Structure formats: structure tokens, C-alpha cells
Amino acid sequence: MEENEFSFLEQLLYNEDKKYVINQLKNLNNSLLLHYFAANYNWNSGFDIPSVILENEACDLGTGLLMFHYADGYRMLESPDEVSSSSLYEWKDFLEKIYIKLVDLDFESQLISFDPGLTKIQKYKLKKNHPHLPEILINKSPGEDVDIPRI
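My aim in this report is to walk through the structure given alongside it, one point at a time.

Not every positive phi belongs to a glycine, and Asp72 is a case in point at roughly 70 degrees. Along the polypeptide, Asp72 turns up in the loop between α5 (61–70) and α6 (73–78). By relative accessible area, which is 30% here, Asp72 ends up partly exposed. The phi angle at Leu105 is positive, at roughly 50 degrees, despite the residue not being glycine. Inspection of the secondary structure assignment puts Leu105 in the loop between α8 (89–103) and α9 (120–129). A relative accessible area of 43% places Leu105 in the partly exposed class.

About the cut-offs
- Residues numbered from 1 in each chain as written.
- Predicted model: local features only at pLDDT ≥ 70, side-chain atom pairs only at ≥ 80, totals over all residues.
- Heavy atoms only, no water.
- Helix = DSSP H or I, 4+ residues; strand = E, 2+ residues; numbered from the N terminus.
- Buried < 20%, exposed > 50% of the residue type's maximum accessible area, 1.4 Å probe, protein only.

Put into C-alpha cells, the structure is as follows:
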């Protein structure tokens, strides 16, 4: 990543003007920068910004998978009833949207790989309890492995 791209992402990640950040992310057409931003995002800051990334046409399948798991999508896979009955509506809605988009492979590109890092035992337990669980949610996505810089 070039220095100006790093500076741009750093400025976005630490900017307190949410409207500005959202506007910048809506207009960003670089899937790799979206991926880096999502990987460095503070997930305690809500789901408005991740939703903007998800809706961006440049959002890659690998970035979608990353966001699903960074938003604690594993809990949805492990116990869907717990998530569906959650009072955390914004979180629940985000997980439902991203789940559907991942299962439908509704992404323009699949160039960035993401590995959720689940163990064989975790995958086995998930598949045992939910035999029709789509593989895309638990396995490494297609694409090129990228090193994610810490910003």
C-alpha cells in the first residue's frame, strides 16, 4: 500500500465526522482499501459504516466474509435462534443482510481472500448442528491472500 493510501485510511478511521466517513466510503471504488478499512474498523462503533462498505459495489466477497466474522457472525452460525431473538437490532440486521449477500454470492468481485480461521472441530460442530450450512460462511474465500496493515 502506498503512503498516500495509508494516510487516507488512517484519516478516515480516526475521523469523528461519521457523515464525512460514510460519504468517502460510498465513493471509494478500491476494493482493497475497503478491505483494509473494514479490517481496521472499531466494531464497537456501530454498523452504519460497515453497512456502507457492504453496499458499495467495490466490496469484495472476501471483505464481506471478513465483516461477517468480525461482527461475530460465528455466533449466528452457532446459535441462529439466539441472534434472531437478540435485542441488538442494528447488529442482528447487519448480520442478516451480510449473511444473505454471502450465501447469494452477491458481490461483483472475488479477488481478495479471507480465511475465518475456524478449526476443523469448529467446522465439524457447525455442520453437525446445521447440515445445510453454506460452505462459503466457514471456509476461506476465493481470491488472493493479502496482508492487512494495522492502521
